[in-house]
Protein chains: 6
Amino acid sequence: MQHAPMPALPGRILLTGAAGGLGRVLRPRLRARCDLLRVSDVATLEPAAEGEEVVPCRLEDREAVLALLEGMQAVVHLGGVSTEQPFDAILQANIAGVYNLYEAARRHGVRRIFFASSNHVTGFYRQDEVIDARAPVRPDGHYGISKAFGENLSRFYFDRYGIETVCARIGSSFPEPKDRRMLATWLSYDDLERLVVASLTAPVVGHTIVYGLSDNTTAWWNNTAARHLGWRPQDSSEPFRAAVEARQPRIDHDDPASLYQGGAFVRTGPFE
Amino acid sequence: MQHAPMPALPGRILLTGAAGGLGRVLRPRLRARCDLLRVSDVATLEPAAEGEEVVPCRLEDREAVLALLEGMQAVVHLGGVSTEQPFDAILQANIAGVYNLYEAARRHGVRRIFFASSNHVTGFYRQDEVIDARAPVRPDGHYGISKAFGENLSRFYFDRYGIETVCARIGSSFPEPKDRRMLATWLSYDDLERLVVASLTAPVVGHTIVYGLSDNTTAWWNNTAARHLGWRPQDSSEPFRAAVEARQPRIDHDDPASLYQGGAFVRTGPFE
Amino acid sequence: MQHAPMPALPGRILLTGAAGGLGRVLRPRLRARCDLLRVSDVATLEPAAEGEEVVPCRLEDREAVLALLEGMQAVVHLGGVSTEQPFDAILQANIAGVYNLYEAARRHGVRRIFFASSNHVTGFYRQDEVIDARAPVRPDGHYGISKAFGENLSRFYFDRYGIETVCARIGSSFPEPKDRRMLATWLSYDDLERLVVASLTAPVVGHTIVYGLSDNTTAWWNNTAARHLGWRPQDSSEPFRAAVEARQPRIDHDDPASLYQGGAFVRTGPFE
Amino acid sequence: MQHAPMPALPGRILLTGAAGGLGRVLRPRLRARCDLLRVSDVATLEPAAEGEEVVPCRLEDREAVLALLEGMQAVVHLGGVSTEQPFDAILQANIAGVYNLYEAARRHGVRRIFFASSNHVTGFYRQDEVIDARAPVRPDGHYGISKAFGENLSRFYFDRYGIETVCARIGSSFPEPKDRRMLATWLSYDDLERLVVASLTAPVVGHTIVYGLSDNTTAWWNNTAARHLGWRPQDSSEPFRAAVEARQPRIDHDDPASLYQGGAFVRTGPFE
Amino acid sequence: MQHAPMPALPGRILLTGAAGGLGRVLRPRLRARCDLLRVSDVATLEPAAEGEEVVPCRLEDREAVLALLEGMQAVVHLGGVSTEQPFDAILQANIAGVYNLYEAARRHGVRRIFFASSNHVTGFYRQDEVIDARAPVRPDGHYGISKAFGENLSRFYFDRYGIETVCARIGSSFPEPKDRRMLATWLSYDDLERLVVASLTAPVVGHTIVYGLSDNTTAWWNNTAARHLGWRPQDSSEPFRAAVEARQPRIDHDDPASLYQGGAFVRTGPFE
Amino acid sequence: MQHAPMPALPGRILLTGAAGGLGRVLRPRLRARCDLLRVSDVATLEPAAEGEEVVPCRLEDREAVLALLEGMQAVVHLGGVSTEQPFDAILQANIAGVYNLYEAARRHGVRRIFFASSNHVTGFYRQDEVIDARAPVRPDGHYGISKAFGENLSRFYFDRYGIETVCARIGSSFPEPKDRRMLATWLSYDDLERLVVASLTAPVVGHTIVYGLSDNTTAWWNNTAARHLGWRPQDSSEPFRAAVEARQPRIDHDDPASLYQGGAFVRTGPFE
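Predicted model only: the values in this text are computed from it and were never measured.

Peer 1: Would you explain the packing of helix H4 (residues 142-161) of chain A against helix H4 (residues 142-161) of chain F in this entry?
Peer 2: The description of two helices packed together rests on the angle between their axes and the distance between the axes. At a closest axis distance of 10 Å, the pairing of H4 of chain A and H4 of chain F adopts a crossing angle of 155°. By the angle between their directions, the pair H4 of chain A and H4 of chain F is classed as roughly antiparallel. The handedness of the crossing between H4 of chain A and H4 of chain F is right-handed. Here Ile145, Ala148, Phe149, Asn152, Leu153 and Phe156 of chain A of H4 of chain A lie close against H4 of chain F, whose contacting residues are Ile145, Ala148, Phe149, Asn152, Leu153 and Phe156 of chain F.

What follows is the structure, encoded as C-alpha cells:
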C-alpha cells in the first residue's frame with residue numbers, strides 16, 4: 001500500500017544522545033522535517049549541518065540542561081547510558097539527568113517529549129508471555145530501573161504540569177535482527193522514525209507508553225492501547241528469520257538470557 | 001487481496017433515515033442486494049426506483065411506525081436526529097422514535113436490526129485513550145445520550161424477545177476525512193456498506209456493539225470483541241493524512257474539542 | 001461495634017418522590033439532619049413539619065421543576081415511576097422528568113445529587129452471577145431502561161458541568177425481605193439512610209454507581225469500586241432467612257423470575 | 001509479501017495419528033523438514049518413505065507408547081479419537097492415551113510437544129462471542145472434555161517436569177470451508193503446517209494454548225496472547241464466502257448447532 | 001452475631017464417599033436435615049441409622065452407580081480417591097467414576113450436585129498469589145487433574161442438560177489447622193457443612209466454582225464471584241496461629257512444598 | 001473476637017529511620033519480639049535499650065550501609081526523606097540510599113525486607129476512585145517518584161536475587177485521623193505493627209505491594225491481592241468521623257488537594 005508523505009514536525013526540536021547509535025540514525029531524518037534541530041551529546045558530535053545547532057552537554061549538569069532546552073518546542077530524548085552499567089553511572093546520567101531534562105522543559109514551557117525508554121523495564125517477563133504497557137514493571141537491571149524512573153517522572157510532569165510524553169520501550173533497533181531474540185524485539189530504523197514522528201505530531205498523547213517493535217510475526221508486546229498515536233510499523237523481522245535461525249540453530253535452555261524477554265541483560269551484574 | 005462478491009441480504013429490508021447523508025449513500029447499495037427496499041424518512045425522499053417502496057414516516061408517530069415495519073425482515077435504522085440539538089427534538093425522534101421502532105419490530109416478528117448508534121455515546125473519553133465497547137458510556141450530549149438509550153433498549157429487546165441488533169457506533173462517515181479528528185474517526189462509505197451487510201448476514205449477532213471506523217492508522221476504538229460479525233474494514237484515512245495535516249497544522253490545546261473523542265459535540269450547548 | 005453519630009448533611013436539600021415508600025422513610029430522617037428539607041411529589045404529601053417545605057410538582061413540567069430546585073444545595077431524587085409500566089408513563093416521568101431535574105440543577109448551581117437508580121438496570125443477569133457496576137447494562141424493562149437513561153444523563157452532567165451524582169441501584173428496600181430473591185436484594189431502611197447520607201457528605205463522589213443492598217450473605221452485586229463513598233451497610237437479610245425459606249420452600253425453575261436478578265420484572269409486559 | 005523459507009524442525013519427530021485426515025496432510029510436510037519422522041497410528045499406515053519409520057501403536061497400551069517415544073526429540077500428537085463418541089472409547093484413547101504419551105515423554109526426556117487440542121474445549125460459547133484462551137472452558141461433549149483433560153495434563157507436565165507443550169485448539173482443518181460455521185473456524189492446511197512448525201521451533205513456548213484458525217474475517221477466537229509463538233496465519237476463508245453462503249443460504253435459528261461455536265457437536269448424544 | 005437456623009435440604013440426598021474423613025463428618029449433619037440420606041462408599045460403612053440407607057458401591061461400576069442415584073434429588077459427591085496416587089487408580093475412581101455419576105444423574109433427572117473438587121486443581125500457583133476461580137487451572141498432580149476433569153464434565157452437564165453443580169475446591173478440612181500452610185487453606189467442619197447446605201438450597205447455582213476455606217486471615221483464594229451461593233464462612237484459622245507457628249517455626253525455602261499452594265502434593269511422584 | 005498472640009519475628013532485625021515518627025512507634029514493639037534490634041537513623045537516636053544496638057548511618061553512605069546490614073536477618077526500612085522536598089535531597093536519601101540498602105542486603109544474604117513505600121506513589125488518582133496495587137503508578141511528587149523507584153528496585157532484587165520485599169504504601173499513620181482525607185488513609189499504629197509483623201513472618205511473600213490503611217469505612221485502596229500476607233487491619237477511622245467532620249465541615253472543591261488521593265502533596269512545589 002502506498003503511504004502519504006509523513007507530516008512535518010514542530011519547528012524547533014532538541015535531540016539528545018545524538019552521537020549514539022540511534023541518535024545518528026535519527027539526526028538527518030529529523031533535520032529534514034523541522035526548522036531547527038539542536039543536537040546534543042556528551043560524546044563528540046558531527047559538526048552542525050544547515051538547520052542544525054550542536055550543543056555538547058552532560059545531562060547531570062543541571063544548568064547546562066536548562067540552557068539546552070531554551071527555545072525548543074519538543075524534545076527527542078535518547079541521551080544517557082543505554083546499556084547495563086554499575087549503578088553510579090546510571091544514577092547520574094539516567095536519573096539525575098532525566099530529572100534535569102523535565103525540570104528544564106517545565107521552566108521553558110516545552111510541551112511534548114519523546115522519551116526513549118526500554119524493553120528492559122519489563123525484561124523479567126518470560127519469552128512465552130505477551131504483555132502490554134499496563135503489566136507491572138519487572139526491570140532486569142539498573143538500566144531498566146532507570147528507564148522506569150523516567151517513565152514515572154514523566155507521568156508526574158504530565159499530571160502536575162501538563163507536559164506530554166511518549167515513552168517508547170524500544171526493543172532492538174539495528175539495521176537487521178542479529179539473533180533469535182531480535183526476531184521478536186527488532187525495530188527497524190524506518191519504523192523507529194515513524195514512531196518518533198507520530199509521537200511528536202499526534203494532536204493529543206497525554207502520557208503514553210508504547211513498545212517499540214516492528215510488525216514482527218513473533219511478538220511479546222501488544223500495543224493495542226497506543227493506537228491513538230497513529231503509528232503502525234511497516235517492517236518485519238520475518239524476512240531475516242531463516243538467516244537468523246541458521247546462524248543460531250540451538251538455544252541453551254539453561255541460560256536465563258534464553259528464557260526472559262530482557263535477554264542477556266537479565267544476567268549482567270552484579271558489579272563488584 | 002481479491003475479495004469475493006458480497007452476499008445477498010434478507011429479502012425485504014426497511015431503511016429509515018433514507019433522506020439523510022448516509023441514507024442516500026446506502027439506499028442504492030442496499031437496493032441492489034435485496035428483493036425489496038422500503039425507504040422512509042420525515043424529509044422528502046427521491047421517488048421509488050424499481051425494487052423500492054417509499055413510505056414517509058415520522059418516528060414519533062407510533063401507529064405510522066407500526067405500519068412501516070409490516071412485512072419487513074430486517075431494518076437498517078438510520079432515522080432520527082443525527083446532530084446535537086435541544087433535548088425536546090431528540091426526545092421525540094430518537095427516544096420515543098426508537099421505542100416505536102422496536103415495539104413495531106416485536107409485533108411484526110422482525111428479527112434483525114442494524115442500529116446506527118454513534119461514537120458520541122463515548123465522546124467524553126480522551127483522544128489519548130483506546131477503548132472498546134465494554135467501556136462505560138460517557139455521552140457527550142443529548143444526541144449521545146439518546147443513542148445510548150437506543151443501545152440499552154435494543155439490549156432489552158434481545159434479552160426479552162430475541163430480536164438481534166448490531167449497534168454501530170459510527171465515527172465520521174464522509175467521502176473523505178475533513179480534519180485531524182477524522183483521521184481517527186473516519187468510516188468510508190464502502191466500509192459502512194460492508195458493515196451493514198455483515199450485520200444483516202452474519203448467522204448470529206445477538207446484541208453486538210461495534211465502532212464504525214475504517215482501518216485507520218490512528219484509532220481510538222478497538223473492535224476485537226466484534227470480530228464474529230465478519231466485518232473487516234478495507235479503507236484507511238492514511239492516504240489523506242498529509243492533506244489534512246496541511247489544512248489544519250495547529251491544534252488548539254485549550255479547546256475541549258481537541259482533547260475529547262467527541263470533538264466539537266463536547267462543547268455544544270447548553271441550549272437556553 | 002459502636003459507630004459514631006452520622007454527619008450533618010448540606011443545609012438545604014430537595015427530596016423528590018417524598019410521598020412514595022422510600023420517600024416517606026427518608027423524609028423524617030433527612031429533616032433531622034439538615035436546615036431545610038423541601039419535599040415534593042405528584043401525589044399528596046403530608047403537611048410540612050418544622051424545617052420542611054412542601055412543593056407539589058410533576059417532574060415532566062419543566063418550569064415547575066426549575067422552580068423546585070431554586071435555592072437547593074443537594075437533591076435526593078426518588079421521584080418518578082418506580083414499577084414496570086407502559087412506556088409512555090415512564091417516558092414522561094422518568095426520562096423527560098430526569099432531564100428537567102438535571103437541567104434545573106445546572107441552572108441553579110446545585111452540585112450534588114443522589115439518584116435512585118435500580119437493580120433493574122441489570123435485571124437480565126442471572127442469579128448465579130456476581131456483577132459490579134462496570135458490567136454492561138442489561139435492563140429488564142421500561143423502568144430499568146429509564147434508570148439507565150438517568151445514569152447516562154447524570155454522567156454527562158458530570159463530565160460537562162461538574163455536577164456530581166451517586167447513582168444507587170437500589171435492590172429491595174422494605175422493612176424486611178419478603179421472599180427468596182430479597183435475601184440477596186434486600187436493603188434495610190437504616191442502610192438506605194446511611195447510603196444517602198454518605199452520598200451527600202463524602203467530599204468527592206464524581207459520578208459513582210453503587211448497588212443498594214445490605215450486608216447480605218447472599219449477594220449478586222459487588223460494591224468494591226464504590227468504597228470511596230464511605231458507606232458500609234450494617235444490616236443483613238440473614239436473620240430472616242429461615243422464615244423466608246419456610247414461607248417459600250419451592251422455586252419454580254421454569255419461571256424466568258426465578259432465574260434472573262430482576263425477578264418478576266423480567267416477565268412483565270408486553271403491554272398491549 | 002514474500003516470506004522467508006521456513007526453519008528446520010528438531011531432528012527426530014514422532015507424529016501420532018498419522019493415518020488420520022490431518023496426519024496424512026502433515027506427514028510429508030514434516031518429513032521434508034526433519035531428519036527422521038516416526039509415524040504412528042492404530043489404523044493402517046502407508047509404508048515408510050525415506051526418512052520415516054512406521055510404528056503402529058494403540059495409545060492405551062502404555063508399554064507400546066513408552067517404546068514409541070524412545071529417541072524422539074519432539075512429538076506432534078494428533079492421535080486418539082477426533083469426533084464425538086461414547087465415553088468409553090474416548091476414555092481409552094484420549095485420556096489414558098494422552099497420559100501414556102506424557103509419561104513416556106517424561107521418561108525419555110522429550111522436551112517439546114504439539115498437542116492437537118480442539119475448539120470443542122470451548123464449544124458451548126455462543127457464535128456472537130469472541131473469546132481467548134483464558135476464557136473458562138465450556139466443552140461441548142466427551143471429545144471436548146478429553147481435550148481439556150490433555151491441556152490440563154500437559155500444564156502439569158510443564159509445571160512439574162518442564163516439558164513444553166503448545167495446545168492448539170484446532171477449528172476446522174479441511175481443504176476449504178464447507179459451511180457457514182467454517183467461515184469462522186477454518187484452518188487451511190498451510191496454516192496448520194505453519195502452526196506446527198512455529199510450535200516446534202520457537203525458542204520458548206512454556207505451556208501455550210492457541211486457537212487454530214486461519215486469518216478469517218469472521219472469527220470467534222483471539223490469539224493475541226500467543227503471538228510469542230511466531231505464528232501468523234496467511235490464508236483466509238473469505239474467498240470461499242460467496243460459494244458457502246450460496247450453498248447454505250438459510251440458518252435454522254432453533255438449532256443449537258447454529259447458535260454455539262461447537263456446531264453440531266453440541267447436540268450429539270446422549271449415547272444410550 | 002446471632003444466626004438463624006439453617007434451612008432444610010432437599011428431601012432425598014445421596015452422600016458418596018461417606019466412609020471417608022469428610023464423609024463421616026457430613027453424614028450425621030446431612031441426615032438431620034433431610035428426609036432420607038443414602039450413604040455410599042467402597043469402604044465399610046457404619047450401619048444405617050434412622051433416615052438412612054447404606055448402599056456400598058464402586059464408582060467405576062457404571063450399573064451400580066446408575067442404581068445408586070435412583071430416586072435421589074441431590075448428590076453430595078465426596079467419593080473417589082482423595083490423595084495423590086498413581087494414575088490408574090485415579091483414572092478409575094475419579095475419572096470413570098465421576099462420568100458414571102453424572103450420567104446416572106442425567107438418566108434419573110437429578111438436578112443438583114455438590115462436587116468435592118480440590119485446591120489441588122490450582123496447586124501450582126505460588127503462595128504469594130491470590131487467585132479466584134477464573135484463574136487458569138494449574139493442577140499439581142494426578143489427583144488435581146482428575147478434579148479438573150470433574151469440574152469440566154459438570155460444566156458440560158450443565159450447559160447441555162441443565163444439571164447444576166457447585167464445585168467446591170476444598171482446602172484442608174480438619175478439626176484444626178496442622179501446619180503453616182493450613183493457616184491459609186483450613187476449612188472448619190462447620191464451614192464445610194454451611195457450604196454444602198448453601199450449595200444445595202440456593203435457588204440458582206448454575207455451574208459455580210468456589211474455594212472451600214474458612215474466613216482465614218491468610219488467604220490465597222478469593223470467592224467474591226461466588227457470593228450468590230449465600231455462603232459466608234464463620235470460622236478462622238487465626239486462633240490457632242500461635243500454636244501452629246510455634247510447632248513449625250522454620251520454613252524450608254528450598255522445598256517446593258513451601259512455595260506452592262498445593263504444598264507437598266507438588267513434589268509427590270513420579271510413581272515408577 | 002479474641003486474637004491469638006502475635007508470632008515472633010526473625011531473630012536479628014534492622015530498623016532504619018528509627019528516629020522518625022513511625023520509627024519511634026515501631027522500635028519498642030519490634031524490640032519486644034526479636035532477639036536483637038539494630039536501630040539506625042541519620043538523626044539522633046535514643047540510647048540502646050536491652051536487646052538493641054544503635055548504629056547511626058547516612059543512607060547515601062554506601063560503605064556505612066554495607067556495614068549496617070551485616071548479620072541482620074531482616075530489615076524494616078523506614079529511612080530516608082518522608083515528605084515532599086526538593087529533588088536533590090530525595091535523590092540522595094531515597095534513591096541512592098535505597099540502592100545502597102538492597103545492595104548491602106544482597107551481599108550479606110538478607111532475605112526479607114519491609115519497605116515503607118507510600119500512597120504518594122499513586123497520589124494523582126482521584127478520591128472517587130478505588131484502585132489496587134496493579135493500577136499504573138501516578139506519583140504526586142519527588143517523594144512519590146522515589147518510592148516508586150524503591151518498589152521497582154526491590155522487584156529487580158527479587159527477580160534477580162530472590163530477596164523478598166513487602167512494599168507497604170502507607171497512608172497516614174498517626175495516633176488518630178486529623179482531617180477528612182485521613183478518614184480514608186488512616187493507618188493506626190497497631191495496624192501498622194500488625195502489617196510489619198505479618199510481612200516478616202509470612203512464609204512466602206515474593207514481591208508484594210500492599211496499601212497501608214486500617215479497616216476504614218471510606219477507602220480508596222483494595223488489598224484483596226495481598227491477602228496472602230495474613231494481615232487484616234483491626235482498627236477503623238470511623239469512630240473519629242464525627243469529630244473530624246465537625247472540625248473540617250467544608251471542602252474547597254477548587255483545591256486539587258481536595259480532589260486527588262495525595263492530598264496537599266499534589267500541589268507542593270515546584271521548588272525554585
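Peer 1: For this particular structure, what's the right way to read the sheet that holds strand S2 (residues 36-39) of chain D?
Peer 2: Two pairing modes exist for strands in a sheet, parallel and antiparallel, and in both the strands are linked by backbone hydrogen bonds. All names here are of chain D. In spatial order, the strands read S3-S2-S1-S4-S5-S7-S8; together these 7 strands make up an open sheet with parallel pairing. The open sheet has two edge strands with one neighbour each: strand S3 (52-54) and strand S8 (207-212). Mean inter-strand twist for the sheet, computed between neighbouring axes without regard to direction, equals 20°. Across the sheet, helix H1 (residues 21-31) lies against strand S1 (12-16), S2, S3, strand S4 (74-77) and strand S7 (164-170), angled at about 160° from S2, the strand it touches most. Of the strands in this sheet, S1, S4, strand S5 (112-118), S7 and S8 touch helix H6 (residues 189-201), which is tilted by about 145° from S5.

Peer 1: Just to check I follow, could you spell out the interface of chain F and chain A for this structure?
Peer 2: Of the residues lining the interface, 35 residues belong to chain F; the matching set on chain A comes to 36 residues. Between chain F and chain A lies a buried interface of about 3,200 Å² when both sides are counted; carbon and sulfur atoms form 59% of it. Counting the contacts that link chain F with chain A gives 4 salt bridges. A salt bridge links arginine 62 of chain A to aspartate 88 of chain F; the shortest N-O distance between them is 2.5 Å. For the pair chain F and chain A, the number of links is 12 residue pairs in polar contact (both at pLDDT 80 or more). Within the residue set of the side of chain F that touches chain A, elements represented by two or more residues are helix H3 (87-108) and H4 of chain F. Class assignment of the residues belonging to the side of chain F that touches chain A gives a composition of 18 nonpolar, 5 polar and 12 charged.

Peer 1: Honestly, the sheet that holds strand S3 (residues 52-54) of chain E in this entry has me stumped. Any pointers?
Peer 2: All names here are of chain E. With parallel pairing, 7 strands are arranged side by side in an open sheet as S3-S2-S1-S4-S5-S7-S8. Sheet topology places S3 and strand S8 (207-212) at the edges, where each strand pairs with a single neighbour. Adjacent strand axes in the sheet meet at a mean angle of 20°, parallel and antiparallel pairs treated alike. Relative to the sheet, helix H3 (residues 87-108) contacts strand S1 (12-16), strand S4 (74-77), strand S5 (112-118) and strand S7 (164-170), its axis offset from that of S5 by approximately 165°. Against the sheet, helix H6 (residues 189-201) makes contact with S1, S4, S5, S7 and S8, and its axis sits at roughly 145° relative to S5, the strand it touches most.

Peer 1: What is the right way to look at unusual backbone geometry in this model?
Peer 2: For residues other than glycine, phi is negative in most cases, and the peptide bonds are mostly trans. Cis geometry is adopted by the peptide bond preceding proline 270 of chain A, which originates at glycine 269 of chain A and carries an omega value of -5°. Locating proline 270 of chain A in the fold gives a position in the segment after helix H8 (256-259).

Peer 1: What is the right way to read the pattern of salt bridges from this model?
Peer 2: Pairing is possible between side chains of opposite charge, provided their charged atoms come close. Tallied over the full model, the rule gives 126 salt bridges over all chains. Residue aspartate 215 of chain D pairs with arginine 232 of chain B through a salt bridge whose shortest N-O separation is 3.1 Å. Of the two residues, aspartate 215 of chain D sits in the loop between S8 and strand S9 (221-222) while arginine 232 of chain B sits in the loop between strand S9 (221-222) and helix H7 (241-247), which places them in two different chains. By relative accessible area, which is 29% here, arginine 232 of chain B ends up partly exposed. Here arginine 169 of chain F and glutamate 151 of chain F are joined by a salt bridge, their closest N and O atoms 2.8 Å apart. One end of the pair, arginine 169 of chain F, is in strand S7 (residues 164-170); the other, glutamate 151 of chain F, is in helix H4, with 18 residues separating them in the sequence. An identical accessibility class is assigned to arginine 169 of chain F and glutamate 151 of chain F; each is buried.

Peer 1: Is there a simple way to explain the relation of the copies chain F and chain A in this structure?
Peer 2: Two copies of one chain are present, and they are related through a rotation about an axis combined with an axial shift. Take chain F, turn it by 180°, move it 0.0 Å along the axis, and it overlays chain A with an RMSD of 0.0 Å. As the rotation angle and translation indicate, the two copies are arranged about a two-fold axis. Minimal C-alpha separation from the rotation axis in chain F is found for phenylalanine 149 of chain F, amounting to 3.0 Å. Here 100% of the interface residues in chain F have copies in chain A that are interface residues too; the copies meet face to matching face.

What counts and what doesn't
Residues numbered from 1 in each chain as written. Chains lettered and ligands numbered in written order. Predicted model: local features only at pLDDT ≥ 70, side-chain atom pairs only at ≥ 80, totals over all residues. Heavy atoms only, no water. Axes fitted to C-alpha atoms, helices over the stretch in contact; angles between N-to-C directions. Helix = DSSP H or I, 4+ residues; strand = E, 2+ residues; numbered from the N terminus. Parallel < 35°, antiparallel > 145°, perpendicular 65-115°, else oblique. Left-handed = near helix turned anticlockwise from the far one by under 90°. Contact = heavy atoms within 4.5 Å. Pairing = 2+ DSSP bridges. Buried area = accessible area lost by both parts, 1.4 Å probe. Salt bridge = Lys/Arg side-chain N within 4 Å of Asp/Glu carboxyl O. Polar contact = N/O pair within 3.5 Å; in protein donor to acceptor, adjacent residues only side chain to side chain. Nonpolar A, V, L, I, M, F, W, Y, C, P; charged D, E, K, R; others polar. Buried < 20%, exposed > 50% of the residue type's maximum accessible area, 1.4 Å probe, protein only. Least-squares fit on C-alpha atoms with pLDDT ≥ 70 in both.

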